[in-house]
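# Observations on the three-dimensional arrangement
So you can see what is in the structure, the chains are spelled out below.
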Amino acid sequence: TRLILDKMEGAADPLSVVAHIRQCIKTGNDTEYVKEYSIDPPKPWVRTLRGKDIGRYSTATINLYLKYGSWLARNWMNRTFYERPKIAIRETGSRITATLDTENRYFLSSLYSIYWRDELDPRDLNYLLGLLNSSLATFILHAVVLGLTEGAFTKARTNQLGRLPIKRINFSDPAEKALHNRVAGLVEKMLALTPKLRG
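Everything in this summary refers to the structure shown in the same document.

Conventions adopted
Residues numbered from 1 in each chain as written. Predicted model: local features only at pLDDT ≥ 70, side-chain atom pairs only at ≥ 80, totals over all residues. Heavy atoms only, no water. Phe/Tyr/Trp six-rings, centres within 6.5 Å; stacked < 30°, edge-to-face > 60°. Lys NZ or Arg CZ within 6 Å of the ring centre and 35° of its normal. 1 Å grid on protein atoms, 1.4 Å probe; cavity = no way out; pocket = protein on both sides within 12 Å on 5 of 7 lines; lining within 4 Å. Points joined across faces, edges and corners; volume = space filled by probe spheres on them. Nonpolar A, V, L, I, M, F, W, Y, C, P; charged D, E, K, R; others polar. Helix = DSSP H or I, 4+ residues; strand = E, 2+ residues; numbered from the N terminus. Polar contact = N/O pair within 3.5 Å; in protein donor to acceptor, adjacent residues only side chain to side chain. Contact = heavy atoms within 4.5 Å. Buried < 20%, exposed > 50% of the residue type's maximum accessible area, 1.4 Å probe, protein only.

### Thoughts on the packing of aromatic side chains
Enumeration over the complete set of coordinates arrives at six aromatic pairs. Members of the aromatic cluster, connected to one another through ring pairs, are Tyr68, Phe81, Tyr82 and Tyr106. A cation over an aromatic ring shows up here: arginine 84 above the ring of tyrosine 115, its NZ or CZ 3.9 Å from the ring centre. Residue placement shows lysine 86 over the ring face of phenylalanine 107; its charged tip is 4.7 Å from the ring centre.

So this is what it looks like as structure tokens:
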């Protein structure tokens, strides 16, 4: 395991260096502040997601809403955490489970929000999603943290996810650029096909 980690770290940057990993909203009272609606409710209700609402490359619940405001128990007032394309990644589980959100949902505390630190980073967010959902990333996370917390309830903290190695891409190298584009393209297909397969 150490040899694998050393080899990867030599060609990669830690996730925390290249991306923000944001903790999300704790309501203090989900019964009052989290509800399902068949049509969009008025403000201050915003679309939301919980950890159990996502799968790898899919979103199961699409009509869940959060009453967003200062009354929430933990409320990050910086809306840029949510109002952007971003990766949703479950806080708990025996493996990494992540998907892409392009609909500006406000995540609850059982999800982390992940997006590039550099808005001009040439790497596709789908590329990052593919790396995070890979068996290799789960293997590394087990080696770093999950193996230390075995049981029915396993949890990865932001600082632990932040240690995952994310391969640097030299876009002036045609082979590396092609590799990046292949991963991003396969993830795009997974995002389109997985909901249909599960439906």
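That was the structure; now back to the text.
### Quick word on empty space enclosed by the protein
Under the defined criterion, the tally for this structure stands at one cavity of 30 Å³ or more. Computed from the structure, the largest cavity encloses a volume of approximately 70 Å³. Residue composition of the lining of the largest cavity, grouped by class: six nonpolar, three polar and three charged.

### Re the side chain of arginine 105
Structurally, arginine 105 is set in the loop between β9 (98-101) and β10 (106-107). A distance of 2.8 Å separates a polar atom in the side chain of arginine 105 from a polar atom in the side chain of aspartate 101. The contact partners of arginine 105, leaving out residues within four places of it in the chain, are Arg47, Thr48, Leu49, Thr59, Ile62, Tyr82 and Lys86.

### So, unusual backbone geometry
Residue proline 44 is bonded to the preceding lysine 43 through a cis peptide linkage, with omega at 15°. Note on placement: proline 44 falls in the loop between β3 (34-36) and β4 (45-49). Backbone geometry at tyrosine 57 places phi at a positive 70°, although glycine is not the residue there. Take tyrosine 57: it is sitting in the loop between β5 (54-55) and β6 (58-59). Its relative accessible area of 7% is what places tyrosine 57 among the buried residues. You will see that asparagine 104, though not glycine, has its phi angle at about 55°, which is positive. Structurally, the position occupied by asparagine 104 is in the loop between β9 and β10. By relative accessible area, which is 34% here, asparagine 104 ends up partly exposed.

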